[in-house]
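Tertiary structure, described
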Amino acid sequence: MQLYMIRRRSAWADKAELEKTAAISGRIGEDEMSDRLRWIRSYVVNEADGRLGTCCLYEAADSDAIRDHARRVGMPGDDVLPVAATVVVRPDPDEA
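Residues numbered from 1 in each chain as written. Predicted model: local features only at pLDDT ≥ 70, side-chain atom pairs only at ≥ 80, totals over all residues. Heavy atoms only, no water.

A word on the pattern of salt bridges. Throughout the structure, instances matching the rule amount to 11 salt bridges. The partner of Arg7 in a salt bridge is Glu47, with the nearest N and O atoms 2.8 Å apart. On the criterion of sequence distance, the pair formed by Arg7 in strand β1 (residues 2-12) and Glu47 in the loop between β2 (37-46) and β3 (52-60) is long-range, its members being 40 residues apart. Here the two residues Arg7 and Glu47 agree in accessibility, since each one is buried. The structure contains a network of salt bridges with shared partners spanning Arg27, Glu32, Arg36, Asp68, Arg71 and Arg72. (Salt bridge = Lys/Arg side-chain N within 4 Å of Asp/Glu carboxyl O. Helix = DSSP H or I, 4+ residues; strand = E, 2+ residues; numbered from the N terminus. Buried < 20%, exposed > 50% of the residue type's maximum accessible area, 1.4 Å probe, protein only.)

Structural data, given as structure tokens:
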């Protein structure tokens, strides 16, 4: 499996909408696609237009698996990039 980053820009109006989509995403990933991809983590970002976007890391068989997952969930899935390397300067800080 290859590591991929996917950017979903301005995909959600608010936290409740994002959480609903995340629950569907997790269920589909675990129940229907566990042989093709694995959701690692997501960073939620505040977009300039006031909406929420994400940068997500997945392990996947290929970029088509990530696009298929996004289609099944009903969320954007076009901005997919293979990760060339990981550089960790410090671990993620605890949330405030």
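Right, picking up where we left off after that structure.
Ordered by their spatial adjacency, four strands build an open sheet running β2-β3-β1-β4, and the pairing between neighbours is antiparallel. The sheet is open, and its two edges are formed by β2 and β4 (80-82), each paired on a single side. Adjacent strand axes in the sheet meet at a mean angle of 20°, parallel and antiparallel pairs treated alike. Pairing of β2 with β3 involves nine bridges; the strand directions are antiparallel. Across the sheet, residue Trp39 finds its bridge partner in β3, namely Tyr58. (Pairing = 2+ DSSP bridges. Axes fitted to C-alpha atoms, helices over the stretch in contact; angles between N-to-C directions.)

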